[in-house]
Each structure stands twice: as structure tokens, then as C-alpha cells.
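Results of the structural survey
Letter by letter, the chains look like this.
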Amino acid sequence: MPDPKPLVLILGGTADAIRIATDLVATAKYRVLTSLAGKVKSPKPIPGETRVGGFGGAAGLESFLLQNNVAAVVDATHPFAAQMSANARAACDATRIPRLQIRRPEWPRHPADRWVEVDTVAEAATRLPALGRRAFLTVGLSELDPFRDRADLWCLVRVVDTPAAPLLNGPHLTIAARGPFHEADERILLETHKIDVLVTKHAGGDATYGKLKAARDLGIPVLMIRRPPAEPGDTGLPEEAVAWVEKQAGLCPDPRRG
Ligand SMILES: NC(=O)c1ccc[n+]([C@@H]2O[C@H](COP(=O)([O-])OP(=O)(O)OC[C@H]3O[C@@H](n4cnc5c(N)ncnc54)[C@H](OP(=O)(O)O)[C@@H]3O)[C@@H](O)[C@H]2O)c1
């Protein structure tokens, strides 16, 4: 027999999404389905149901929402997954399905931080080697193009999965690791590889903040890629997701049923 509980779709790929799935499953009031893009080989376990792979743009997501009778969408994708968030907005607007976009706070900027803010990874690449020649790149596997043929830099590249082939044509070292990353370990990494510039996205969150504290302590400049803006509509923190879901029309438990 189909589960009569309302279906909440979480757009995932982040630790925030796992936390929200855990919280929603714990209420026992909803069917919880987390969607992953399928870019990571072995994702961490997620409570509830999961599905993997793209929907086929905003139109594909719209069909998915209607076919599966989705009651609410929580967009807990990474702050830089702008395409997925735009598709979620378009599909939810078209179907009038409520949508919450999770926005974790940006990292606080300390007076001793040497951040240089830029809009894109490509722009960050143009600031090198003026700002540094030994770069620690934590921008994600799919954003390495601007560094691909740089013979004038040495790059330490951190990705989630061990790649099958070299990631860059210039001199580099790849490390495969999954956060959280602690400040002391990040400091050792920066010192061991004589890193003189860090390139990162302004993701926010505790799990990857350690490298920024280590860079600050070592006086290393940071090329900080600004976040794309949030989609218009409801936004919230991961810990606010359950309360938001419960507030949506049709999802509030009927108080008369006790
Ligand atoms: N961008 C980052 O820096 C970053 C960092 C850490 C984790 N992630 C996670 O990695 C995934 C991909 O990120 P991205 O920046 O490549 O996304 P994106 O550029 O915004 O999305 C590209 C396409 O990937 C598919 N997709 C993305 N997230 C999906 C999801 N949760 N479920 C199903 N399909 C999804 C969609 O394909 P269709 O159009 O076919 O539906 C989307 O149009 C996301 O889940 C994100 O949370 C991204």
C-alpha cells in the first residue's frame, strides 16, 4: 500500500541536506526523499529514501513533482549549485508547490584575514601568479578549467573522489578527501606544501572553515569566490527546515486528530 504521508523532496548533495532528512524522518510525519546529482561515487548514508541523477531541467523537475505528488521542496543544495536552485524555483512556481532554499550563513571575515573577493573561479585564476604561485584549490572538480594549462603555478587540488586521470596539465598534486576538515590538519597541509595562496568558494559552514583559520594564522592570502544570489522566495537555516515544512498548507497535522 502506498505511504499516505505527504512527500517532502530534499534537493541534496550537502551535509545540510543530510541533517534536514534526519530531522524530517525523526518526525515520522512525512515521506522524505533526498535527490542527489550523482557526482560523488559513494555518498554518505541519508535517512529516508534517495534518488540519483538530474531531472532534465526545470521542465523535468516539474513533471517529477507532479507525478510523485510532492507536497514541499527543500532546496538544500550547495550555495554554488545555482542551476539546480533556479530549476527548483521555476518548477515550484509553475506547480505552486512550496519551496524553501537553505542558505547557511557566510563565513565571518576576521580583521587579520587577507581575502581578495572575486566573482568567478576564472577571475581568481587571473589573479595568479601575482598573489601566489603555490595554490591550494578547493573549488570542486567541475571548476578546474581555468587552472588546467597553467605551467606557471603549482597547485594542490582537493576533490572528493580519487580521479582516474590527472586533473591538470601543469604541475600539481591531487588529494581526495571528504570533510569535515580541522584547522590543525589544514595548517599542516598548507605548511607541508608551502602553499602561498588559497582559492575557495564562499560556501560557509563549519566543515570547511578550518582552512580559512589556518590561512589567517599563516598570513596566506585567500581568493574568495563570492556566492551567487539566493533565488527569490523562502530561505532558512537547516535547523529551521522542519518548522517551515510543518507550516506549509496541507502539511500541518490536523490538531483535532491529536
Ligand atoms: N557547486 C559546488 O561547489 C558544490 C559543492 C558541494 C556539493 N555540491 C553538490 O553537488 C551537486 C551538483 O552541484 P552543481 O554545482 O554541479 O549543480 P548545478 O550546476 O546547480 O546543477 C547542474 C545540474 O545537475 C543536476 N543536479 C544538481 N543537483 C542535483 C540534485 N540535488 N538532484 C538531482 N539533480 C541535481 C541538475 O540536472 P537536471 O537539469 O538534469 O535536473 C542540474 O541542472 C549538487 O547536489 C550540490 O548540492 C556542489
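Residues numbered from 1 in each chain as written. Predicted model: local features only at pLDDT ≥ 70, side-chain atom pairs only at ≥ 80, totals over all residues. Heavy atoms only, no water.

**Describing the pattern of salt bridges**
- Enumeration over the complete set of coordinates arrives at 20 salt bridges.
- Linking Arg104 and Asp16 is a salt bridge whose minimum nitrogen-to-oxygen distance equals 3.0 Å. You can see Arg104 sitting in the loop between β5 (99-102) and β6 (115-118) and its partner Asp16 sitting in helix α1 (residues 15-27), a full 88 residues away along the chain.
- The partner of Arg187 in a salt bridge is Glu191, with the nearest N and O atoms 3.6 Å apart. Of this pair, Arg187 and Glu191 both sit in helix α5 (residues 183-192), four residues apart, which is roughly one turn of that helix. (Salt bridge = Lys/Arg side-chain N within 4 Å of Asp/Glu carboxyl O. Helix = DSSP H or I, 4+ residues; strand = E, 2+ residues; numbered from the N terminus.)

**Some words on the domain arrangement of the chain**
- Split by domain assignment, the chain resolves into domain 1 (7-105 + 229-257) and domain 2 (115-225).
- The distance between the C-alpha centroids of domain 1 and domain 2 comes to 30 Å.
- Contacts between domain 1 and domain 2 engage 11 residues on the former and 11 residues on the latter.
- At the boundary of domain 1 with domain 2, total buried surface from both sides reaches about 840 Å², with 51% on carbon and sulfur atoms.
- It is Lys41, Lys44 and Phe80 that lose the most area in domain 1 upon contact with domain 2, and together they represent 52% of the buried surface on that side.
- Linking domain 1 with domain 2 are zero salt bridges.
- Taken together, the links from domain 1 to domain 2 amount to six residue pairs in polar contact (both at pLDDT 80 or more).
- For the side of domain 1 that touches domain 2, the class distribution of residues is five nonpolar, two polar and four charged. (Domains from an automatic or database assignment. Contact = heavy atoms within 4.5 Å. Buried area = accessible area lost by both parts, 1.4 Å probe. Polar contact = N/O pair within 3.5 Å; in protein donor to acceptor, adjacent residues only side chain to side chain. Nonpolar A, V, L, I, M, F, W, Y, C, P; charged D, E, K, R; others polar.)

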